[in-house]
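Close look at the chain arrangement
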Amino acid sequence: MNDAHTPPPALGMRLAAMGLDAVTLLVLPAALLIVALFVYPFLYGLWLSFHPKDGSTFGNYVKFFSDPFLYGTIGKTLWLALPVTVLNLLLAIPIAFRVRRMRNQRILTTILVLPITLGTVLVAEGMLNYFGPQGWFNRAVMTLGLSSTPLKLVHNYTGVFISLVITGFPFTFLLVLSYLTGIDPVLEQAAATLGAKTAARFRHILLPLLVPGLGVTFCLGFVQAFSVFPSAVLLGAPAGPTRVISIAAYEAAFEHYDYSLASAIAMVMALVLLVIVVAALSVRNLFYRGPASGGKG
Amino acid sequence: MAASLKSFKSLRLEHLGRDFGTLNALKDLTFSIERGEFVALLGPSGCGKSTALNCIAGLLPTTRGSIWLDQTRIDTLGAEDRGFGMVFQNYALFPHMSVRDNIGFGLRMQGVPKIEAGKRIDAAIATVRLQSQIDKLPGQLSGGQQQRVAIARAIVIEPPLVLMDEPLSNLDAKLRLEMRQEIRRIHSGLGSITLYVTHDQDEAMSLADRIVVMRDGEVRQIGTPEDLYLRPATLDVAEFMGFRNRIAGRIIDVTADTVSIDVGGTTIKGQRRAKFNGRDVVAAIRPDDLVAAPSGLAAIVEVCEYRGHSFFGSARGPGGVELFFSSSERLANGDAVTLAADPSRVLVYDGAGA
């Protein structure tokens, strides 16, 4: 009828066909916030790191990688963050398996969420008392005759390690638990009817379906642990074995007032994080990543 | 153990029971199945049929009773030691494994050598006609294909007992009819026991050699499809088997093989099958058997639907009772009809007052 003179569709319709309509505007506040709070500071820091006090372009990076007191912090931070993240995961998996079958999960999760809400500083203060030379822990150990001298558990690597486990474990555990409960329990039952015992069900069914979630959990836990600062200062030996990379950045910025160097250190930190996260996620890509249910619902 | 289970003769349930807290989901299940039989557990949802199946599979511990394969007590074994094949309602295919690996999982767990396993997997794939899909993941298959994989996975381990939990309920009507025939064909080829849970009496009747009708956690009747269709033992079995009309009345006369009852002034005749406890009875009639006749129950038509070969209607009868009937011609809403059924098609049960 009117097909000979069909006018081209209006601009609004053409945009809508590309996925742009009025609803897209709802993204705007969030996008602005991200630009203002993340993209701009990041780009500014990147720019700043290439404008050191001495005027050269790569001066900061040359300085960082030629001074063992600075580049050594990468190794020290990794030596804390990687074992802590792996240990948290290894602890979280069996506990999540047990808790999955419990009735009063809510009480337990509440207890576990507490360290997250308390924050690292409160946990550090508590640990200083509890694990200190005159703390309950050492008194108990000595009263029981397990050791004649107090164990040195704070102001060293061990102190920071313990505090990272305390603050990082609940987070890791809750993520693992939610990934685990996302696996349809009927799959395990099916494996059982086919003759798979508990260990085989874990290895062939649950673990492969859990790996993608473990990858994400590892990344998030690692990023948290890598940026450790308060507990490394309060519970560690900030001049020695727990001189982590964030301490180096802090000193550059607020003790030497060298914002340019501090930015460069932050950039190095970001790069290390990026490398580890990309590596973890590419391992994850080798596994099945679809829905963990057994068929049409 | 597994070898002795393969050459078994019968499966026996003795006083099987299961409670969930204070709820008796399964009260006292006792029956036995001979090798080669196809048995359907039939009942409305919540009647305990899936609970029974899960207890037999070993996925749910029993509260009471025992399960036997010949002289071997098996209810004390875990699911992984029973070696039964189970087809789950939502198929429960392993989403990260190919069709071939899914089907081969049971053989791998049993440690069957690779070459033999390969042959058996190929045979199972051929049985369910999935040769072209073996390398796909379950998520890439249609519902009917997933169903076939689930069946192949259950039968490849050559189980003494194949358990199916409403396996066709997620398929569309046409596919359901096709798969029914497939399941029957596969069962005949296996020569083992198939225990099939369903709430669909058509499905149970067309598939099973024997049907176990359950309600409220108890067995109400066990019999062949013909038994259940023609001679339901109780009123609720009758209702479940399609006797939708339940008409209350009082006995006025009993002869050798018929019983006459009075329904609001009209007399209807039915089969006499047993002694009655009182005079208050209920007549059960299928809608297909209740048709317009020169005399019978007077009713007012409320709905009349076209069903292809005939019309199906509902009408308000004496005392406001709802009657479902069939008719060869279209009746208008509000028409007055008289409905009657052949006495051999009318079953009479003790009524509520008895």
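Observations concerning the packing of helix α4 (residues 68-99) of chain A against helix α13 (residues 259-284) of chain A
Residue and element names in this part refer to chain A. Contact geometry for α4 and α13: axes closest at 11 Å, N-to-C directions at 35°. In the packing of α4 onto α13, the handedness of the crossing is right-handed. Where α4 approaches α13, its residues L70, I74 and L78 are matched on the opposing element by I265, V268, V272 and I276. For the contact of α4 with α13, the class distribution of residues is seven nonpolar, no polar and no charged.

Comments concerning the sheet that holds strand β10 (residues 218-223) of chain B
Strand pairing in a sheet takes place through backbone hydrogen bonds and is either antiparallel or parallel in direction. All names here are of chain B. Across the sheet, which stays open at both edges, the six strands sit in the order β6-β7-β8-β3-β9-β10 with mixed pairing between neighbours. If you trace the sheet from one side to the other, it starts and ends with β6 (85-87) and β10, each paired once. The average angle at which neighbouring strand axes cross in this sheet is 15°, direction not considered. In this sheet, β10 lies alongside strand β9 (residues 210-215) in antiparallel orientation, the contact comprising five bridges. Across the sheet, residue V213 finds its bridge partner in β10, namely Q221. Seen against the sheet, helix α2 (residues 49-57) touches β3 (38-42), β6, β7 (161-165), β8 (193-198) and β9 and runs at an angle of roughly 145° to β7.

Notes on the packing of aromatic side chains
Residues and elements named next belong to chain A. For the structure shown, the criterion picks out 23 aromatic pairs over all chains. For the ring pair F64 and F65, a centre distance of 5.0 Å and an interplane angle of 80° mean the geometry is edge-to-face. Of the aromatic side chains, those joined through ring pairs into one cluster are Y130, F131, W136 and F137. Positioned over the ring face of F69 is R243, at 3.7 Å from the centre of the ring.

Some thoughts on the confidence of the model for chain B
With 97% of its residues at a pLDDT of 70 or more, chain B shows a mean pLDDT of 89. With a pTM of 0.80, the predicted complex shows an ipTM of 0.82.

Some remarks on unusual backbone geometry
Residue and element names in this part refer to chain B. Here A92, not a glycine, exhibits a phi torsion of approximately 50°, which is positive. Along the chain, A92 turns up in the loop between β6 and α4 (99-110). Despite not being glycine, E158 has its phi angle at roughly 50°, a positive value. When its relative accessible area of 43% is taken as the criterion, E158 is described as partly exposed.

Some points on the interface of chain A and chain B
Taken together, the contacts link 26 residues of chain A with 26 residues of chain B. When chain A packs against chain B, close to 2200 Å² is buried across both sides, 65% of that on carbon and sulfur atoms. As a salt-bridge pair, E80(B) and R201(A) come within 3.8 Å of each other at their nearest N and O atoms. Run the count over chain A and chain B and you get five residue pairs in polar contact (both at pLDDT 80 or more). Sorting the residues of the side of chain A that touches chain B by element identifies α9 (185-193) and α10 (198-226) of chain A as the ones contributing at least two each. Ranked by the residues each element gives to the side of chain A that touches chain B, the list is headed by α9(A), at seven residues. When grouped by side-chain class, the residues that make up the side of chain A that touches chain B number 14 nonpolar, eight polar and four charged.

Considerations on the sheet that holds strand β4 (residues 64-69) of chain B
Residues and elements named next belong to chain B. Pairing in this open sheet of four strands is antiparallel, and the strands run β2-β1-β4-β5 from one edge to the other. Edge positions in the sheet fall to β2 (23-34) and β5 (72-73), since each has one partner strand and no second. Bridging between β4 and β5 involves two bridges; their strand directions are antiparallel. Residue pairing across strands places W68 opposite R73, the latter belonging to β5.

Some remarks on the environment of F137(A)
All names here are of chain A. Relative to the helices and strands, F137 is located in helix α7 (residues 136-143). By relative accessible area, which is 28% here, F137 ends up partly exposed. Measuring from C-alpha to C-alpha, the distance between F137 and P150 comes to 9.1 Å, with 13 residues separating the pair along the chain. Ignoring any residue separated from it by four or fewer positions in sequence, one finds F137 in contact with Y130, F131, L151 and L153.

The rules behind these values
- Residues numbered from 1 in each chain as written.
- Chains lettered and ligands numbered in written order.
- Predicted model: local features only at pLDDT ≥ 70, side-chain atom pairs only at ≥ 80, totals over all residues.
- Heavy atoms only, no water.
- Axes fitted to C-alpha atoms, helices over the stretch in contact; angles between N-to-C directions.
- Helix = DSSP H or I, 4+ residues; strand = E, 2+ residues; numbered from the N terminus.
- Left-handed = near helix turned anticlockwise from the far one by under 90°.
- Contact = heavy atoms within 4.5 Å.
- Nonpolar A, V, L, I, M, F, W, Y, C, P; charged D, E, K, R; others polar.
- Pairing = 2+ DSSP bridges.
- Phe/Tyr/Trp six-rings, centres within 6.5 Å; stacked < 30°, edge-to-face > 60°.
- Lys NZ or Arg CZ within 6 Å of the ring centre and 35° of its normal.
- pLDDT = per-residue confidence, 0-100.
- Buried < 20%, exposed > 50% of the residue type's maximum accessible area, 1.4 Å probe, protein only.
- Buried area = accessible area lost by both parts, 1.4 Å probe.
- Salt bridge = Lys/Arg side-chain N within 4 Å of Asp/Glu carboxyl O.
- Polar contact = N/O pair within 3.5 Å; in protein donor to acceptor, adjacent residues only side chain to side chain.

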